Amino acid sequence: MKNSYQLEKSEEQQLNSYFQLTADGSYSLKLQSEHCESEFMHSDQGAFSETIYVYLPVVKFVFENQLNPLFLSIGLGLGYIEIMTVAYYLEKKTFCLNDELFFIFSYEKEKKLIQLFKNYFLNNEIPDSFKMCYDSIINLNAKFFSIDKELLKKTMRNLIIENKIKFYNNFSIKSFNEMPVHGIYFDAFSAKSSPDLWQSDVLNHIFHNKNCARQAVFATYASRTNLKKLLKENHFFIHKKKGFSGKRECLLAERNSLK
């Protein structure tokens, strides 16, 4: 028996119909869900390009400051961020599964997205539309970072098997990482679609000393007044950064408190 996520035919058809080819040739998804209002996960100007623009500075900060590669990703979605993170370290030729302290703590409300992502890398059966999408993400990262796509797939598979990419369902004020992270990707759905994740108590909990190290970087595609206020209260310095593809602003914030 295949250890794979089984989709009812009607569910598969529903999910397939919500894929969108964005302007840079990468795919986004609009997921019909009981957990949130329906919206595409990325800008129609480029799912991959948006990921690189908004979130690549996080992994660069961690690497360039010679910090342990420990990351918190809130909003797995299609896995663009997780794959990008691994691809970056492969490009730098510093990645070693056995002796490097490497973990990504990845949260996603939609359990089906976690299962589909894992099953792709574990070579289990998934709908053709999702396989096409994940293949595209692998190819785009391999080209961008000048690495071998099969090496990237193999490394992702090994990280999942070794439980170094750890998957969780809902992030809440009861969520604690196994160790404080240095890089935070906040890629949750909008405050309208996922209001719980944008509440002050949940955002503050992200910066709890059990979740976030004293030296850390935070990025998100959005720019909300309340979030900027909380970042400042938690001793982050906010860089002014134009938003992706015409958006007014996105957030990149660093904290270098070593006390």
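The structure displayed is predicted, hence computed values, not measured ones. (Residues numbered from 1 in each chain as written. Predicted model: local features only at pLDDT ≥ 70, side-chain atom pairs only at ≥ 80, totals over all residues. Heavy atoms only, no water.)

Caption draft 1: Structural view of the overall build of the protein chain. Each helix and strand in the protein chain was counted, giving eight helices and nine strands. Counting every position in the protein chain, which comprises 259 residues, the buried fraction comes to 55%. Considering only residue pairs separated by 6 or more positions, the protein chain has 71% of its internal contacts joining residues 24 or more positions apart. Counting every atom, the protein chain has about 12,300 Å² of accessible surface; 47% of that belongs to carbon and sulfur. (Helix = DSSP H or I, 4+ residues; strand = E, 2+ residues; numbered from the N terminus. Buried < 20%, exposed > 50% of the residue type's maximum accessible area, 1.4 Å probe, protein only. Contact = heavy atoms within 4.5 Å. Areas by Shrake-Rupley, 256 points an atom, 1.4 Å probe, with all protein chains shown as cover.)

Caption draft 2: Inspection of helix α4 (residues 111–121) at higher detail. Among the eleven residues that make up α4, eight are buried, leaving the element largely enclosed by the rest of the structure. Regarding α4, the residues found buried are K112, L113, I114, L116, F117, N119, Y120 and F121. Once α4 ends, the next one or two residues include N123, with phi positive near 60°.

Caption draft 3: Region of interest: the pairing of strand β6 (residues 181–186). Burial analysis of β6 places six of its six residues in the buried class, which makes it a mostly covered element. Relative to β6, strand β3 (residues 70–74) is paired through four bridges, and the arrangement is parallel. Within the sheet, the bridge partner assigned to I74 lies in β6 and is F186. The pairing of β6 with strand β7 (residues 212–220) spans five bridges and is classified as parallel. Note that in β7 the partner of I184 across the bridge is F218. (Pairing = 2+ DSSP bridges.)

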